[in-house]
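# Geometric and topological summary
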Amino acid sequence: MSGRKETVLDLAKFVDKGVQVKLTGGRQVTGTLKGYDQLLNLVLDEAVEFLRDSDDPLKTTDQTRSLGLIVCRGTAVMLVSPTDGTDEIANPFLQPDGA
Amino acid sequence: MLPLSLLKTAQGHPMLVELKNGETYNGHLVNCDTWMNIHLREVICTSKDGDRFWRMPECYIRGNTIKYLRVPDEVIDKVQEETNKSRSDRKPPGVGRGRGRGREDGPGGRPAKGIGRGSDDGGGRGMGGGRGRGGPGSKSGGSRGGGRGRG
Amino acid sequence: MYIYVGILLISCKNLNCEEMSGGPGLESLVDQQISVITNDGRNIVGVLKGFDQATNIILDESHERVYSTKEGVQQLVLGLYIIRGDNISIVGEVDEELDSNLDMSKLRAHPLKPIIH
């Protein structure tokens with residue numbers, strides 16, 4: 001197994017910036033990225049979790065709870081994206097693309 | 001052709017990725033690795049039920065959460081050229097077989113049958129499968145194990 | 001699941017799993033039409049262009065067959081797909097002659113339920 005350094009994404013550019021993290025199981029948090037390692041363990045400051053619909057735990061709601069300083073375990077991290085520039089939008093796919 | 005070679009070739013192309021949780025991501029592939037982790041740019045995320053949408057400048061997706069990737073048809077023609085080249089480079093016939101038997105010792109399940117069959121397949125696979133598959137295969141095996149453990 | 005596969009006329013000869021390579025042993029099916037049933041209960045048919053030891057597969061010219069008890073089988077064109085091995089339940093060889101003689105508009109079947117872990 002060659003080194004772990006060949007990460008696809010260099011998280012360095014996100015340090016001290018807001019990131020959104022989706023975790024396996026459906027939790028979703030945002031926070032300021034303070035640190036990370038090659039296993040994708042993340043340190044998030046002022047983290048906020050988006051609470052989920054109790055009927056459908058796959059859906060997040062606009063309700064939040066504040067978590068403070070947290071570590072996200074790398075193995076549970078599904079997705080990382082910058083909060084900057086991330087917005088909910090109207091359906092961008094017209095009729096043809098039946099998503 | 002290896003799925004990961006196709007994916008590698010698809011760099012720079014638009015693609016659709018569906019995750020195991022049903023969310024889909026449309027974006028341009030920036031980079032990928034042997035674990036199928038991917039980095040997309042100019043992404044549109046669609047919720048599982050298809051009624052909410054988000055745009056994000058980029059995102060990183062862990063390979064083991066992916067269900068499938070839909071890539072543009074023309075990408076498969078581009079990958080062909082590359083593998084043909086590397087195929088002629090690496091055609092040592094014995095390689096596939098040696099590797100095969102080595103692995104067999106591990107599980108120890110079906111040695112006798114495996115070896116007989118091995119020489120047959122070895123030829124077909126010698127076309128480049130042998131070495132090419134070894135590397136990424138063992139890695140993704142590892143990541144798969146990780147996924148199960150957690151689930 | 002098995003009954004369903006029977007209806008699809010998939011023959012599973014030649015699929016002695018995990019041959020010596022430790023891979024899925026799909027060499028003999030490359031460039032042939034195959035039918036894949038995924039963990040979420042979809043049936044995708046396409047030409048197998050490649051695979052690896054984790055059973056990730058490349059399907060070219062693929063389409064999804066959507067089954068329903070009320071109307072015939074809908075075929076959705078999908079194109080070129082990489083399906084992650086984690087998400088694959090069944091890979092079946094398609095008898096292309098038999099398959100092309102099927103009248104999809106007359107077939108009725110319950111859609112498959114997804115696998116629950």
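Residues numbered from 1 in each chain as written. Chains lettered and ligands numbered in written order. Predicted model: local features only at pLDDT ≥ 70, side-chain atom pairs only at ≥ 80, totals over all residues.

### Side note on the overall build of chain A
The helix and strand tally for chain A stands at zero helices and six strands. Across chain A, helices and strands are ordered from the amino to the carboxyl terminus as β-β-β-β-β-β. Partitioning the contacts of chain A with sequence separation of at least 6, the portion at a separation of at least 24 is 44%. (Helix = DSSP H or I, 4+ residues; strand = E, 2+ residues; numbered from the N terminus. Contact = placed C-beta atoms within 7 Å.)

### Comments concerning the environment of B:Gly63
All names here are of chain B. By the secondary structure assignment, glycine 63 is in the loop between strand S4 (53-61) and strand S5 (66-71). Look at glycine 63 and you get buried, because 23 C-beta atoms sit within 10 Å. A sequence separation of 25 residues divides glycine 63 from isoleucine 38, and the C-alpha atoms of the two residues are 6.7 Å apart. (Buried ≥ 20, exposed ≤ 12 C-beta atoms within 10 Å, placed from the backbone.)

### Thoughts on the interface of chain A and chain B
Counting residues at the interface gives 24 residues for chain A, matched by 27 residues for chain B. Mapped by element, the contributors of at least two residues to the side of chain A that touches chain B are strand S5 (77-82) and strand S6 (87-89) of chain A. The biggest single contributor to the side of chain A that touches chain B is S5(A), with six residues. Residue composition of the side of chain A that touches chain B, by class: 14 nonpolar, seven polar and three charged. The sheet contact formed by S6(A) and S4(B) spans three bridges and is antiparallel. Across the sheet, the residue bridging to A:Ile89 is B:Phe53, located in S4(B). (Nonpolar A, V, L, I, M, F, W, Y, C, P; charged D, E, K, R; others polar. Pairing = 2+ DSSP bridges.)

### Details of the pairing of strand S4 (residues 60-72) of chain A
All names here are of chain A. Buried residues are scarce in S4, accounting for one of its 13 residues. Pairing between strand S3 (residues 42-52) and S4: eight bridges, direction antiparallel. Bridging from a neighbouring strand, leucine 42 pairs with cysteine 72 of S4.

### A word on the nonpolar core
By size, the foremost hydrophobic cluster in this structure holds 65 residues, and its most contacted members are B:Leu6, B:Val17, B:Cys59, B:Ile61 and C:Ile82. Each residue touching B:Cys59, except ones within four places of it in the same chain, is listed here: A:Leu79, A:Val80, A:Ser81, B:Tyr25, B:Leu40 and B:Val43. (Core = buried A, V, L, I, M, F, W, Y, C linked by C-beta atoms within 7 Å.)

### Topic: the confidence of the model for chain A
Residues with a pLDDT of 70 or more make up 85% of chain A, whose mean pLDDT is 86. Of the regions scoring below 50 in pLDDT, residues 1-5 of chain A engages in three contacts with residues more than four places distant in sequence or in other chains. (pLDDT = per-residue confidence, 0-100.)

### Digging into unusual backbone geometry
With glycine set apart, most residues show a phi of negative sign, and most peptide bonds adopt trans. Positive phi, normally seen in glycine, also occurs at A:Glu46, with a value near 50°. Within the fold, A:Glu46 resides in strand S3. Note on A:Glu46: 14 C-beta atoms within 10 Å, which makes it partly exposed. One non-glycine residue, C:Thr55, lies in the positive phi region at around 60°.

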